[in-house]
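What the coordinates show
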Amino acid sequence: MDIEAEIRALQLDSAEDNNATLIPEDAKPEEVEMTDKVEEEVKDKEVADMDCAEVPDEMESQKKRHLNVVFIGHVDAGKSTTGGQILFLSGQVDDRTIQKYEKEAKDKSRESWYMAYIMDTNEEERVKGKTVEVGRAQFETETTRFTILDAPGHKSYVPNMISGASQADIGVLVISARKGEFETGYERGGQTREHVQLAKTLGVSKLLVVVNKMDDHTVNWSKERYDEIESKIVPFLRSSGYNVKKDVQFLPISGLVGTNMKTRVDKNICPWWNGPCLFEALDSVEVPVRDPKGSYRMPIIDKFKDMGTVVMGKVESGSICEGDSLLVMPNKAPVKVLAVYCDEDKVRRAGPGENLRVRLSGIEEEDISSGFVLSSVVKPIPTVTEFTAQLQILELLENAIFTAGYKAVLHIHSVVEECEIVELLQQIDPKTKKPMKKKVLFVKNGAVVVCRIQVNSLICVEKFSDFPQLGRFTLRTEGKTIAVGKVTDLPSRSSA
Ligand code: GTP
Ligand code: MG
């Protein structure tokens, strides 16, 4: 059975198709400064989160749009090198620093890794030449302010990749064109496929596929190699649910040399490429429109103490203002927003899509865990210990059967929790997409099945049809992604 073809049957992107029109020119920047008058008003409000989005501001049209872009792909494909090169080309790293990194990389016998050192900042990453933590950086093009999330490619760090991808709007899939490397990354068990499937499940709606290492002597900017890679990957992307014409763009680059990145590749180097360079492609990526007036939802990915309690996360819906009253869910703790930081800047207001640090009063740092959600008071996020989901089984561990009692690790927005499948309800025929009549006791690889899933402690989830970002998830066992799914129903008592 062709597993990949069936991932499409799950139609994880159906909710987006219904409500997302993609017009970059019209995309409004979400973060704006407020006037003093408005600030006064906000201070007076008891529940400010619903009104916050309505604050007018002339500055809004002058600000650039903001996009979170996650770099994904197999280990050593060149994600950190490309990310580092972007920062270098956008003038954020000077020559002296590069020389310092060159020396450090040489001392560690990793000469060619110096560009990756811009993104890989800790010692373990530099010694091993592998990203572990998701690296973060900012840069700007003509139209857009980007936050780069540099995910690790190594299979041991897939949970970190999941956390990076769950914060992203678009993905850059980095593929190594070097002889043998594309093949290893793309075969079953390689992370190219796993990352693409996860990214799609986690809501990364657009992909730029960069065919990297085009300068390598085994490639030498060969059109045949580029075409071979593109033709092999396209059917897989399609079967993973991407509309290749609308959502995917391919381009050749050398992340190490910096070719076809900020400016188009010289015809002397690559006479056959007539398309855009990476910066141009990023500039013109169209993104889903986000609703700044929705109920506030910010899954918390991290927290620390700093003159109060500071939480970090990406706003999935709604807007936040200094002075807002919100709830930390699932423990329903009322909190007040003392300050909002976007990148390094303190802002008075921020909207959906922004990665923020929010200083709160009313809660201690130790009472918050990652996976909690900073949420609107008027319409708090539902909390459950059980939900119904439609699952697409990808690839179970050898000899495993998927049946009631199956245990896995659930990854949904920033939640990572042990879970158990308590009941299989229906198997879905992937061809007709209708439930099959026969009672289902177990399913195998490739099956689409509706089931009940239980966790031990309360978690915050939404129905996929209401909030796709907070209702799509993956199941993993022993370090392998075995299923992707969407929440289809919540118990009626779940709403907070
Ligand atoms: P992980 O973080 O471990 O997943 O790897 P990564 O994808 O971040 O790869 P990284 O940037 O660390 O690069 C891996 C190796 O590939 C290094 O030796 C780089 O110098 C080399 N490399 C990356 N990009 C290019 C390129 O465009 N051309 C050539 N020739 N080598 C490259
Ligand atoms: Mg890396």
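What comes next is a walk through the structure. (Residues numbered from 1 in each chain as written. Chains lettered and ligands numbered in written order. Predicted model: local features only at pLDDT ≥ 70, side-chain atom pairs only at ≥ 80, totals over all residues. Heavy atoms only, no water.)

1. Comments concerning the overall build of the chain
Secondary structure summary: the chain contains 13 helices and 23 strands in total. Looking at the 496 residues of the chain, the share that counts as buried comes to 58%. Across the chain, every contact between residues at least 6 apart in sequence was considered, and the portion connecting residues at least 24 apart equals 73%. With the model as given, the accessible surface of the chain reaches about 21,300 Å², and the carbon-plus-sulfur share is 48%. (Helix = DSSP H or I, 4+ residues; strand = E, 2+ residues; numbered from the N terminus. Buried < 20%, exposed > 50% of the residue type's maximum accessible area, 1.4 Å probe, protein only. Contact = heavy atoms within 4.5 Å. Areas by Shrake-Rupley, 256 points an atom, 1.4 Å probe, with all protein chains shown as cover.)

2. Points about the packing of aromatic side chains
Applying the stated rule across the entire model yields ten aromatic pairs. Judged by centre distance (4.9 Å) and plane angle (40°), the rings of F402 and Y406 are tilted. In this structure, F402 and Y406 share a single accessibility class: buried. Put simply, the rings of F139, F146 and F279 touch in pairs and so form one group of aromatic residues. Sitting above the plane of the W113 ring, R110 keeps its charged end 4.7 Å from the centroid. (Phe/Tyr/Trp six-rings, centres within 6.5 Å; stacked < 30°, edge-to-face > 60°. Lys NZ or Arg CZ within 6 Å of the ring centre and 35° of its normal.)

3. Thoughts on the state of the cysteines
One pass over the structure, following the stated rule, counts zero disulfides. No disulfide involves C451; its sulfur sits 8.7 Å from that of C419, the nearest cysteine. Residue class for C451 comes out buried when judged on its relative accessible area of 0%. (Disulfide = S-S within 2.5 Å.)

4. Focus: the sheet that holds strand 22 (residues 472-477)
Read once around its circumference, the closed barrel built from six strands follows the order 16-21-19-18-22-23, with strand pairing classed as antiparallel. Sheet twist, expressed as the average angle between the axes of neighbouring strands with direction ignored, equals 45°. Relative to strand 22, helix 7 (residues 158-166) is tilted by about 175°, and along the sheet it contacts strand 18 (407-412) and strand 22. On the sheet, helix 9 (residues 191-201) packs against strand 22 and strand 23 (480-489) and is oriented at approximately 145° with respect to strand 22. (Pairing = 2+ DSSP bridges. Axes fitted to C-alpha atoms, helices over the stretch in contact; angles between N-to-C directions.)

5. Quick word on empty space enclosed by the protein
The final tally for this structure, using the stated rule, is two cavities of 30 Å³ or more. Every residue along the wall of the largest cavity is listed here: S166, Q167, P299, I301, K314, E316, H413 and S414. When the residues that make up the lining of the largest cavity are grouped by side-chain class, the tally is two nonpolar, four polar and two charged. Taken as a whole, the second largest cavity spans an internal volume of roughly 40 Å³. Surrounding the second largest cavity, S166, L202, E316, H413, Q469 and R472 form its lining. Its residues assigned to classes, the lining of the second largest cavity shows one nonpolar, three polar and two charged. (1 Å grid on protein atoms, 1.4 Å probe; cavity = no way out; pocket = protein on both sides within 12 Å on 5 of 7 lines; lining within 4 Å. Points joined across faces, edges and corners; volume = space filled by probe spheres on them. Nonpolar A, V, L, I, M, F, W, Y, C, P; charged D, E, K, R; others polar.)

6. Quick word on the coordination of the magnesium ion (ligand 2)
Within the protein, the magnesium ion (ligand 2) binds to S80 (OG) and T131 (OG1); these donor distances fall in the range 1.9 to 2.0 Å. Of the two residues, S80 is situated in helix 4 (residues 79-89) and T131 in the loop between helix 6 (123-128) and strand 2 (135-140); the sequence distance between them amounts to 51 residues. Just as S80 is buried, T131 falls in that class too. (Donors = N, O, S within 2.8 Å, 3.2 Å for Na, K, Ca; no water.)

7. Topic: a nonpolar patch on the surface
Nonpolar side chains collect at one region of the surface, where I401, L441 and F442 lie side by side and expose about 320 Å² of accessible area between them. When its relative accessible area of 48% is taken as the criterion, I401 is described as partly exposed. (Patch = residues over 30% accessible without salt bridge, like charges linked within 9 Å, V, L, I, M, F, W, Y side chains within 5 Å. Salt bridge = Lys/Arg side-chain N within 4 Å of Asp/Glu carboxyl O.)

8. Points about the pattern of salt bridges
Per the counting criterion, the structure on display carries 28 salt bridges. In the salt-bridge network here, residues are joined through shared partners; they are E104, K108, E123 and R126.

9. A few points about the pairing of strand 4 (residues 170-176)
Strand 4 sits mainly inside the fold: seven of its seven residues count as buried. Burial along strand 4 is two-sided: the residues I170, V172, V174 and S176 and G171, L173 and I175 are all buried. As paired strands, strand 1 (residues 65-72) and strand 4 are joined by four bridges and run parallel to one another. When the sheet's bridge partners are listed, V69 is paired in strand 4 with I170. In this structure, strand 4 lies alongside strand 5 (residues 206-212), joined through seven bridges in parallel fashion. Bridging from a neighbouring strand, I175 pairs with V211 of strand 5.

10. Observations regarding the environment of V265
By the element assignment, V265 lies in the loop between strand 6 (248-252) and helix 12 (278-283). Residue classification places V265 among the buried positions, given a relative accessible area of 8%. Once residues within four sequence positions are removed from consideration, V265 is found in contact with W221, T259, N260, C270 and W273.

11. Some details on the sheet that holds strand 2
Strands sit in the order 2-3-1-4-5-6 across an open sheet of six strands; the sheet is mixed. Edge positions in the sheet fall to strand 2 and strand 6, since each of these pairs with one other strand and no more. Going across the sheet, the axis of each strand differs from the next one's by a mean of 25°, ignoring polarity. With six bridges connecting them, strand 2 and strand 3 (residues 144-150) associate as antiparallel partners. Within strand 3, the residue paired with A137 across the bridge is I148. Sitting on the sheet, helix 10 (residues 223-239) is in contact with strand 4, strand 5 and strand 6, with an inclination near 160° to strand 6.

12. Concerning the site of ligand 1
Around ligand 1 sit 22 residues, and of these K79, T81, S112, T131 and D215 come closest. The backbone of D76 places a nitrogen or oxygen atom 3.0 Å from an oxygen atom of ligand 1. G153 is positioned such that a nitrogen or oxygen atom in its backbone is 2.8 Å from an oxygen atom of ligand 1. Calculation on ligand 1 without its partners gives an accessible area of 650 Å², and the protein chains cover 97% of this total. Ranked by the residues each element gives to the shell around ligand 1, the list is headed by helix 4, at three residues. (Near = heavy atom within 4 Å. Polar contact = N/O pair within 3.5 Å; in protein donor to acceptor, adjacent residues only side chain to side chain.)

13. Comments concerning the side chain of K206
Topologically, K206 is positioned in strand 5. Polar side-chain contacts of K206 include one of 3.3 Å to the backbone oxygen of K246. Separated by 3.4 Å, the side chains of K206 and D247 make a polar contact.

14. A word on the nonpolar core
Here is a general trend for soluble globular proteins: nonpolar side chains tend to be buried in one another's company. Counting residues in hydrophobic clusters, the biggest one holds 72 residues, and the most contacted among them are L237, F250, L278 and L282. Here the element with the most residues in this core is helix 10; it accounts for six residues. Apart from the residues within four sequence positions on either side, L278 is in contact with T82, I86, L208, V210, L251, I253, N260 and M261. Listed in part, the 30 residues of the second largest apolar core include F387, L424, I453 and I482. (Core = buried A, V, L, I, M, F, W, Y, C linked by side-chain atoms within 4.5 Å.)

Bear in mind that shape data such as this cannot, by itself, settle questions of function.
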